[in-house]
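Structural characterization, general
Letter by letter, the chains look like this.
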Amino acid sequence: MTADDIILELDQLSVGYTDEPVVVDFAAAIPVGSITTVIGPNGAGKSTLLRAVYGLNRHFGGSVRFFGRSIERLAPRERLKLGIGFVPQGRCNFPLMTVRENLELGTYTLRGSAVADSIERVLVQFPLLKAKLSVLAGNLSGGEQQILEIAMVLEARPKLLLLDEPSLGLSPANQDQIFETIAELPGRGLTVMVVEQNAHGALQISDIGIVMELGRIFMAGPAAEVIADPRIKVAYLGGEAT
Ligand SMILES: Nc1ncnc2c1ncn2[C@@H]1O[C@H](COP(=O)(O)OP(=O)(O)OP(=O)(O)O)[C@@H](O)[C@H]1O
Ligand SMILES: [Mg+2]
């Protein structure tokens, strides 16, 4: 595997908010075109980790490399320009604006014909949004709202998509719809890093699984191995100790 095959490399990364780092000595090498799921208990530092890849936290040490380039000092806007897209925890569409208006807002980094082109592109990718262009975003189902949120970030054509709890609060059917949507992204040239409470749903569509506890990596490896690990089964997948 060459440097071109690794889209994101984290090394001894420590990040946080105030005096003490919340995520400590984090390391990962994410291959192009893969899906990585990060699981862990509440407060483990999963959101902090994703936010750090996008440049929203205080940097304490270590490196964040995007296609080999150190980006830990870059602002989020510059990271977006390089090709990192971030969908934060909690849906934040503009509920009193239509789907079309939300999609127009998602093109704020684009100019000229790229605006209409990118809206057209995501409507081809997500036909359900095309059927609801004049519906208020707040009147979409939870799953549809999450897909709109993903579509708004995809309009900027990121190479790496960071998703924080995309299935949170959704019905089982809507969760399935979100995981199916995510599973299709590598076929469109994207690499995905997703934080999820639904550990089973997310690990099933993933190549890599990372388990975080108290700001550190508890376990990392092929998603199939993480699913099969007895400790993970008991703690996260509702299984019985064997
Ligand atoms: N803006 C902030 N300022 C200070 N501390 C914060 C801030 N956001 C989170 N923290 C702290 O960082 C730690 C990790 O929080 P984080 O949100 O990353 O956890 P998480 O794994 O995403 O949890 P959850 O599953 O509940 O979303 C927690 O102790 C939290 O209190
Ligand atoms: Mg979180």
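Calculation rules
Residues numbered from 1 in each chain as written. Chains lettered and ligands numbered in written order. Predicted model: local features only at pLDDT ≥ 70, side-chain atom pairs only at ≥ 80, totals over all residues. Near = placed C-beta within 6 Å. Helix = DSSP H or I, 4+ residues; strand = E, 2+ residues; numbered from the N terminus. Nonpolar A, V, L, I, M, F, W, Y, C, P; charged D, E, K, R; others polar. Expected span 1.5 Å × (residues − 1). Buried ≥ 20, exposed ≤ 12 C-beta atoms within 10 Å, placed from the backbone. Arc of directions from axis to C-beta. Pairing = 2+ DSSP bridges. Axes fitted to C-alpha atoms, helices over the stretch in contact; angles between N-to-C directions. Parallel < 35°, antiparallel > 145°, perpendicular 65-115°, else oblique. Left-handed = near helix turned anticlockwise from the far one by under 90°. Contact = placed C-beta atoms within 7 Å.

A short note on the site of ligand 1
What surrounds ligand 1 is the set Y17, T18, V22, G40, N42, G43, A44, G45, K46, S47, T48 and Q89. With 3 residues, helix α1 (residues 46-54) is the single largest residue contributor to the shell around ligand 1. Here the residues of the shell around ligand 1 sort into 3 nonpolar, 8 polar and 1 charged.

Looking at helix α4 (residues 113-125)
Given 3.6 residues per helical turn, the α-helix brings residues three or four places apart onto the same face. Taking 1.5 Å per residue, 13 residues should reach 18 Å; α4 reaches 19 Å between its end C-alpha atoms and fits that length. Here α4 has its buried residues at S118, I119 and V122. Along the axis of α4, the buried positions cluster into a sector of 100 degrees, meaning they face one direction only. Pointing more than 90 degrees away from the buried face of α4 are the exposed residues S113, A116, D117, E120 and V124.

Quick word on the sheet that holds strand β1 (residues 6-16)
Strand pairing in a sheet is mediated by backbone hydrogen bonds. Such pairs are either parallel or antiparallel. Taking strand neighbours across the sheet as the criterion, the 4 strands line up as β2-β1-β4-β5 in an open arrangement whose pairing is antiparallel. Of all the strands in the sheet, just β2 (21-31) and β5 (69-70) have a single pairing partner and so form its edges. Two strands pair when backbone bridges link them, and β1 and strand β4 (residues 58-66) are joined in this way by 7 bridges, in the antiparallel orientation. Residue pairing in the sheet places L10 in a bridge with V64 of β4.

Some details on the packing of helix α6 (residues 142-154) against helix α7 (residues 172-183)
Interhelical geometry of α6 versus α7 gives an angle of 25 degrees and a closest axis separation of 8 Å. One element, α6, and the other, α7, form an angle in the roughly parallel class. Where α6 crosses over α7, the handedness of that crossing is right-handed. Contacts from G142, G143, Q146, I147 and I150 in α6 reach N174, Q177, I178 and T181 in α7.

Focus: the environment of K81
Considering the arrangement of structural elements, one finds K81 in helix α2 (residues 76-82). For K81, a count of 13 C-beta atoms within 10 Å translates into the label partly exposed. For the pair K81 and Y108, spaced 27 residues apart in the sequence, the C-alpha separation amounts to 12 Å.

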